[in-house]
Structures are given as structure tokens and as C-alpha cells.
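The chain contents come next:
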Amino acid sequence: MPGSFKTEAVVLRSIRYGEADRVVHLYSSTRGRIGAIAKGSRRPKSRFGGRLEPFFHLNLVLYEGRGDLFTVTGASTIDGYGRLRSNGPALGAAGRACDAVLRLLDSGEPNQAAYNLLCTYLALLDADPPAASAPGTALAFRLKLALAAGFSPELASCASCGETDHLAAFSGAAGGVVCASCEGGGFPLGEESHRFMVEALGAPLSEAPAADERVAAQADRAITETLEHHAHVRLRAAA
Ligand SMILES: [Zn+2]
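On a predicted model such as this, the values are computed, not experimentally measured, just so you know.

S.K.: What is the right way to look at the packing of aromatic side chains in this model?
M.R.: How two aromatic rings sit relative to each other is given by the distance of their centres and the angle of their planes. Using the criterion set out here, one finds 3 aromatic pairs in the structure. Seen from their ring centres, Phe5 and Phe70 are 5.5 Å apart, and the 90° between their planes marks the pair as edge-to-face. Taken together, the residues Phe5 in strand E1 (residues 3-17) and Phe70 in strand E5 (residues 70-79) connect sequence positions 65 residues apart. Under the relative-accessibility criterion, Phe5 is labelled buried at 14%. When the centroid spacing of 6.0 Å and the interplanar angle of 40° are considered together, the rings of Phe170 and Phe187 count as tilted.

Following this line, the structure appears as C-alpha cells:
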């Protein structure tokens, strides 16, 4: 039904459209994924200013017409994350985070856990860019995002047979850690990498455990292969 509504949202992607417009891909608190057109937003005196750029956290007024795209009729800034933008690694991490949300959460159903997680990660990247863009935090974000989307890997027992001992491999097809007898098709997963994933899921994002290069590579592969098999999305490397 056509009409206007208000929502909070984060700009995931912003695309030039036509002569002076912009199409923005948003992740909103109340309507999940939204695509919207902001007419005239590339004109120098646009009332939207520069706030329809990626990572901006906004209060929006949107008009829902009959087409696929909503229309942005009002936008005010909750946070522009200025510090994050002047730090290369933090900017890269924010870009990969928004890309992961774009690929993994494409429904118009609200997902408050995923929305809060994205806002928390952007705020961390803004507050302490070197710490928050570390691989441990980037991978913890991705694990928590997979959990929020319903695709968290099984880490407590063998994803094939339920065995709780000798969990030395990971299988994306099985969707989690696998025991020595079910190892076929999986890749070897070190004890530290397994522990990293369990701790990263259990701790708040601001207290994500550190991951050395080997742990980061194994955890990244585990999450990526799980999402490829079960969510049918392919994410860019996390770090
Ligand atoms: Zn097994």
C-alpha cells in the first residue's frame, strides 16, 4: 500500500543513477534490505548533502510507491563515521562488512540482530580503527552475521554424526566441524582455529579474540565454505 514510513538504516552501497539521482542499497532496522532512489541527490545543493554515501547511519523517511524502489524523501545523520573514512584498513573492513550484508541478507524481513551487529561493527571501526579492523574482529563479525542469518557453522559436535571427540576437520558441505571418521570432503582444522570460532561467537564483538594468520585463514575458509554450501553466496575474503 503506497505511503511514507520512517526507519533507521545503514547505506550499504550507493550507485549513480541518471543525471542527478542516486540509488542506494540500505539495511534498515524495520524493513531489512531496501533499495531506494534519492532524486536530485547529486546536485550540488541537494538537501541530502553527502549523507547517502556508504556506511552512513541515517534516520530516513521513505515513500513506498508501486515500483520496486522506494523514494528517499528525508534523511538525517545518526553517525557518519568520519574517523573510519580516514583509515585505509578500517575503510576496507567496513566495505567488506557491507558487502557481506548485501550478499547474505537480501530479504525485506527485518533482522534486528544483523542490523545491530552491523551498527556495532561500524561504530567499533570508527572508535578504534586499528584494533577493530584486525582479522580477529573481522572474522568474528562474519561468524555473528552468519549466525544472525541462520547459517552458523556447527562447532560443538561432528556435523555429520554427532561425535564430540576427535573433531579435527571442517566440512562446509556438512556445515561444521567433523570427526576423524567423517573427515572426507573436509579440510584439516587446527584446535586453535576451532577454539577461535567458539570464542568469537561467544564474546561481544568488542572483545573478539585475536587470530594469527593461520587461524584467520582456516576460520575464513570455514565460514566461506559453510555460506557457499548452505546460503549459496560467495563472500570476498574477510581480511
Ligand atoms: Zn563424525
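S.K.: Before we go on, may I ask you to explain the nonpolar core in this structure?
M.R.: In summary, soluble globular proteins display a tendency toward joint burial of nonpolar side chains. In this structure, Leu118, Phe141, Leu145 and Met197 are the most contacted members of the largest nonpolar core, which totals 59 residues. Listed by contribution, the elements that provide at least two residues to this core are E1, helix H2 (88-104), helix H3 (112-127), helix H5 (135-148), strand E6 (167-171), strand E7 (176-179), helix H6 (191-202) and helix H7 (213-230). Ignoring sequence-local partners within four residues, the contact set of Leu145 consists of Ala100, Val101, Leu104, Leu105, Ala114 and Leu117. Ala9, Val11, Phe48 and Phe56 belong to the second-largest nonpolar core, a separate cluster that totals 17 residues.

S.K.: How should the sheet that holds E6 be read in this particular structure?
M.R.: Sheet strands associate in pairs through backbone hydrogen bonding, adopting either a parallel or an antiparallel arrangement. Strand order in the open sheet formed by 3 strands is E7-E6-E8, with antiparallel pairing between adjacent strands. With partners counted over all chains shown, the strands left at the sheet margins are E7 and strand E8 (187-188), one partner each. With 4 bridges connecting them, E6 and E7 associate as antiparallel partners. Within the sheet, the bridge partner assigned to Leu167 lies in E7 and is Cys179.

S.K.: Would you explain the coordination of the zinc ion in this entry?
M.R.: Cys158 (SG), Cys161 (SG), Cys179 (SG) and Cys182 (SG) make up the full set of protein donors to the zinc ion, lying at 2.3 Å. Taken in chain order, the donor set of the zinc ion reads C-x2-C-x17-C-x2-C. Residue Cys161 is located in the loop between H5 and E6, and its partner Cys182 is located in the loop between E7 and E8; the two are separated by 21 residues in the primary sequence. Cys161 sits in the partly exposed class, given a relative accessible area of 48%.

S.K.: Hey, could you run me through the pattern of salt bridges in this one?
M.R.: Side-chain pairs of opposite charge can arise where the charged atoms are in close proximity. Scanning the entire structure with this criterion turns up 8 salt bridges. Of the charged contacts, one joins Arg22 and Glu53 as a salt bridge, the two residues approaching to 3.5 Å between their closest N and O atoms. In this pair, Arg22 is assigned in strand E2 (residues 21-28) and Glu53 in the loop between strand E3 (32-38) and strand E4 (57-64), connecting sequence segments 31 residues apart. Among the residues examined, Glu53 registers a relative accessible area of 30% and is labelled partly exposed.

What counts, and where the lines are drawn
- Residues numbered from 1 in each chain as written.
- Predicted model: local features only at pLDDT ≥ 70, side-chain atom pairs only at ≥ 80, totals over all residues.
- Heavy atoms only, no water.
- Phe/Tyr/Trp six-rings, centres within 6.5 Å; stacked < 30°, edge-to-face > 60°.
- Helix = DSSP H or I, 4+ residues; strand = E, 2+ residues; numbered from the N terminus.
- Buried < 20%, exposed > 50% of the residue type's maximum accessible area, 1.4 Å probe, protein only.
- Core = buried A, V, L, I, M, F, W, Y, C linked by side-chain atoms within 4.5 Å.
- Contact = heavy atoms within 4.5 Å.
- Pairing = 2+ DSSP bridges.
- Donors = N, O, S within 2.8 Å, 3.2 Å for Na, K, Ca; no water.
- Salt bridge = Lys/Arg side-chain N within 4 Å of Asp/Glu carboxyl O.

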